[in-house]
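Residues per chain, in single letters:
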Amino acid sequence: MAVNHSDFDDLPMESSDSTWYKRTLSGILTKTKDKKPTPDGLWEKCKRCKEVVPSKEWLANHCVCPSCHYHERIGSAEYFEILFDDGNFTELNANLSSGDPLNFVDSAPYTDRVVVAQKKTGLKDAVRTAHGVINGQALCVACMDFAFIGGSMGSVVGEKIARAIDHSLATKTPFLMISKSGGARMMEAAFSLMQMAKTSAKLALLAKAGIPYISLMTNPTTGGVTASFAMLGDFNIAEPEALIGFAGPRVIKETIGKDLPKGFQSSEFLLEHGFLDFIVDRTELKATLSRLLSHIQD
Amino acid sequence: MNTNWFDFEKEIAEMHSQLVKAEETHAQGKLDMSDTIEHLTKKIKEAQTTIYSQLSGWQKVQISRHQDRPYTLDYIENICTDFVELHGDRHIKDDKAIVGGWAKIDGQSVMIIGQQKGRNTKQRQMRNFGMPNPEGYRKALRLMKLAEKFNRPVITLIDTPGASPGLEAEERGQGEAIARNLLEMSVLNVPIICIVIGEGASGGALGIGVGDRVMMMEYTWYSVISPESCSSILWRTWDKKELAADALKLSATDMKGNGLVDGIIPEPLGGAHHNPEEAFANVKATILSELQTLKAMSPEQLVNARIEKFSAMGVVQELPA
């Protein structure tokens, strides 16, 4: 479950300013000579409190540190495993892959970047969608993968979310969106931007049909994702200490010319300012979702 | 005529200063300069036609930001009558970066809303450089809901370098405010016409940009990010803005070609600031003709077509399983 931090060095997203992984206060300041290597596969070390936990226990705890409750970043595979009963689900549109409508080239062609990301992650793009059952209740889930180009939203992300909402509409199944994204994918420029309108329009139809929509925000949820589907839940919820915001922290810092207050744009900050219904620990997620849905599903 | 020339108009600027001198001399009656004046006028027009027929993406971005370019209130003043400005989001305050209210175009009442930039330092500060805060988007939505209530069309004029990035904007939910507008605009039961009259930067533009018709004026830009910020993120330098502008395909012609906007409103040669009257007339004509088409549609037809249009945007491929 170790996250490779070099994955996040080059994030081509609108709000990409990577501040959230520069842990200047705690964490990765250990000098190489002070590092204590552990054999792979047996132990996990919490990135924050350095507690060493047996891998089995770490996974059973959904990659949340039992000691300090630090939520390690996980992907769609882990969320589907955590949520769906017996890990059973049916994936939707699993083979949708990105086009290159603008023939975009920066330091490398966009098509190459997509292929590299696909090889590295084994994923087709930055979101996976599936339906299944959680504690006996049917649920349609779209879950973003940060490992794929920073969870950035291009046409595939927008289209898969739109089609998942269509599935919820057709089957009258509640919809859960798990966001984890740096925002719109720059290499699809205005095509990315319009995914915000597309997904929001679909959510309007879901709302009209009276089908519940739960939006779970995880670290990080920023940019165009925050300014569209992530903030439109009947219930907006978040994992603890996630970075959630519209503009990235560096952009704001540069604009106002001051350091940002501690905890600014954290889940706790958003809860305090009235934009979240509640914060949920990952170990409580499945039970909490079931309890919430039990009030509104017949 | 405009005297603030772009660097790519140097040749025109020189001829123009000669023309001004010639006209002065002629006016003093010392010499008959009419031949020179005629010649220079013709030359200027030729040079402008050449330059403006091959503008780069970055040059169009520059034109969209020209300090003399007409802004939202100029359009309202010149194409509408009986404007009644409406203020405030009813929660926090009145955001001066977005203006709106009832107005009549050729006698038809519409709700017209747009981002407003300032012309001097004081105004720019008051208008926050056309960068709205959440309360601006919430004011815009309040006015759109009024338009729906009283069955009047909505016209939005887009001209923003982006939604405001700041402490207060985040505290008050910039993301939520824009997201809410996208959702509500997609199902608003009256016609919506959106026109990019200057800069169309990202979510800040789209926040008032979901419409039955989305039009761009000829020398404007619309994309997910400004070329400068794109350059800084992808190339790690501010110097690749020209490259970024081309790569983003942010011009009206590219956006129309990619099916992401519905039409282009022509501008006078040299940009809207060279002949504002012509720009006003073109915008007015477009609004009137589109309104005529849209008013014939039922609310249900409008909303269905609007959602279908945005749902079709995006390029994906199905890989073999």
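The structure under discussion appears in the preceding block.
Caption draft 1: Spotlight on the pattern of salt bridges. This structure, assessed with the given rule, holds 31 salt bridges over all chains. Two residues, A:Asp125 and A:Arg185, come together in a salt bridge whose shortest N-O distance is 2.7 Å. Of this pair, A:Asp125 sits in the loop between α3 (110-121) and β5 (127-134) while A:Arg185 sits in the loop between β7 (175-181) and α5 (189-208); the two residues are 60 residues apart in sequence, bridging distant segments of the chain. Of the two residues, A:Asp125 and A:Arg185, both sit in the buried class. B:Lys145 is the partner of B:Glu148 in a salt bridge, and the nearest nitrogen-oxygen pair spans 3.9 Å. Of this pair, B:Glu148 and B:Lys145 both sit in helix α6 (residues 134-149), separated by three residues, roughly a single helical turn. Overall, the relative accessible area of 22% leaves B:Glu148 in the partly exposed class. Take B:Lys145: its relative accessible area is 35%, and that puts it in the partly exposed class. One connected set of salt bridges, linked through shared partners, spans B:Arg65, B:Lys117, B:Asp159, B:Glu199 and B:Glu228.

Caption draft 2: How the structure looks around the interface of chain A and chain B. Counting residues at the interface gives 63 residues for chain A and 50 residues for chain B. Carbon and sulfur atoms supply 71% of the area buried between chain A and chain B, which totals about 4800 Å² over both sides. Remark: the boundary between chain A and chain B carries zero salt bridges. Joining chain A to chain B, the criterion identifies 12 residue pairs in polar contact (both at pLDDT 80 or more). Contributions of two or more residues to the side of chain A that touches chain B are made by β4 (96-98), α4 (155-171), α5 and α6 (249-256) of chain A. No other element matches the 17 residues that α5(A) contributes to the side of chain A that touches chain B. Looking at the side of chain A that touches chain B residue by residue, the class counts come to 36 nonpolar, 17 polar and 10 charged.

Caption draft 3: Highlighting the nonpolar core. One finds A:Phe175 and B:Tyr222 to be the most contacted residues of the largest nonpolar core, which totals 109 residues. The leading source of residues in this core is α5(A), at 11 residues. The contact partners of A:Phe175, leaving out residues within four places of it in the chain, are A:Leu139, A:Cys140, A:Ala142, A:Ile161, A:Ala164, A:Ile165, A:Ser168, A:Leu203, A:Leu206, A:Pro212, A:Tyr213 and A:Ile214. Grouped together as the second largest cluster of nonpolar side chains are 28 residues, A:Val53, A:Cys65, A:Leu216 and A:Leu293 included.

Caption draft 4: Summary view of helix α11 (residues 241-248) of chain B. When we look at burial in α11(B), the residues that qualify are B:Ala244, B:Ala245, B:Ala247 and B:Leu248. Projection of α11(B) onto a plane perpendicular to its axis shows the buried side chains occupying an angular sector of 165°, all on one side. Buried residues along α11(B) sit in contact with α5 of chain A together with α3 (57-64), β7 (221-223) and α10 (227-235) of chain B. Once α11(B) finishes, B:Lys249 follows within two positions and takes phi at roughly 50°, a positive value.

Caption draft 5: Quick look at the side chain of B:Gln174. Note that B:Gln174 resides in helix α8 (residues 174-186). Residue B:Gln174 is classed as buried on the basis of its relative accessible area of 0%.

Caption draft 6: Structural detail: the side chain of B:Glu228. Relative to the elements of secondary structure, B:Glu228 occurs in helix α10. Leave out the neighbours within four places in its chain, and B:Glu228 touches B:Trp58, B:Arg65, B:Trp238 and B:Lys241.

About the criteria used
Residues numbered from 1 in each chain as written. Chains lettered and ligands numbered in written order. Predicted model: local features only at pLDDT ≥ 70, side-chain atom pairs only at ≥ 80, totals over all residues. Heavy atoms only, no water. Salt bridge = Lys/Arg side-chain N within 4 Å of Asp/Glu carboxyl O. Helix = DSSP H or I, 4+ residues; strand = E, 2+ residues; numbered from the N terminus. Buried < 20%, exposed > 50% of the residue type's maximum accessible area, 1.4 Å probe, protein only. Contact = heavy atoms within 4.5 Å. Buried area = accessible area lost by both parts, 1.4 Å probe. Polar contact = N/O pair within 3.5 Å; in protein donor to acceptor, adjacent residues only side chain to side chain. Nonpolar A, V, L, I, M, F, W, Y, C, P; charged D, E, K, R; others polar. Core = buried A, V, L, I, M, F, W, Y, C linked by side-chain atoms within 4.5 Å. Arc of directions from axis to C-beta.

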